[in-house]
Amino acid sequence: QVQLVESGGGLVQAGGSLRLSCAASGLTFSNFNMGWFRQAPGKEREFVSYITWIGSRTDYDDSVKGRFTISRDNAKNTVALQMNSLKPEDTALYYCAAAPRLRIGRATNNFAYWGQGTQVTVSS
């Protein structure tokens, strides 16, 4: 079965950096666009970033643009999210998600598979 396993979360001070990673198995990774979403307590899940199946196109929410960078390695079936200049408002559970390559865009319902999430906490 399809598994997406996130790692790399943790506690960091404001201004610090973290690198999240997501390892995919049970699917042909290069056929999927990959995304990162986050959900803070009491809030709805929100889009963070995505990268197309070949890595030719990326998209970011305005709140993270210029601070976060998404990348993928199709040989290793992994997608990463480099997060710099972290702010307390970045605190959330971060999810990795996979969307079939013809489903392009940030809408949650484009994504067929989801990981369990990794917690990111940014202290002020």
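Parameters and conventions
- Residues numbered from 1 in each chain as written.
- Predicted model: local features only at pLDDT ≥ 70, side-chain atom pairs only at ≥ 80, totals over all residues.
- Heavy atoms only, no water.
- Core = buried A, V, L, I, M, F, W, Y, C linked by side-chain atoms within 4.5 Å.
- Buried < 20%, exposed > 50% of the residue type's maximum accessible area, 1.4 Å probe, protein only.
- Helix = DSSP H or I, 4+ residues; strand = E, 2+ residues; numbered from the N terminus.
- Pairing = 2+ DSSP bridges.

Colleague: Please give an account of the nonpolar core that cites residues and values.
Modeller: Membership of the largest hydrophobic core comes to 28 residues, with the highest contact counts inside it found for Met34, Trp36, Phe68, Val79, Leu81, Met83 and Tyr94. Those elements giving two or more residues to this core turn out to be strand 3 (18-25), strand 4 (32-39), strand 5 (46-51), strand 7 (68-73), strand 8 (78-83), strand 9 (92-100) and strand 11 (118-123). One finds Phe37, Phe47, Ala97 and Phe111 within the second-largest nonpolar core, a separate group that totals six residues.

Colleague: Got a sec to walk through the pairing of strand 4? Specific residues and values, please.
Modeller: Within a regular strand, the side chains alternate between the two sheet faces. A large share of strand 4 lies buried, amounting to seven of its eight residues. Taken together, the eight bridges between strand 4 and strand 9 define a ladder with antiparallel strand orientation. Pairing of Phe32 across the sheet is with Pro100, part of strand 9. By the bridge criterion, five bridges tie strand 4 to strand 5 in an arrangement that is antiparallel. Across the sheet, the residue bridging to Arg38 is Glu46, located in strand 5. Count of turn residues in the strand 4/strand 5 antiparallel hairpin: six residues, of which Gly42 carries a positive phi of about 80°.

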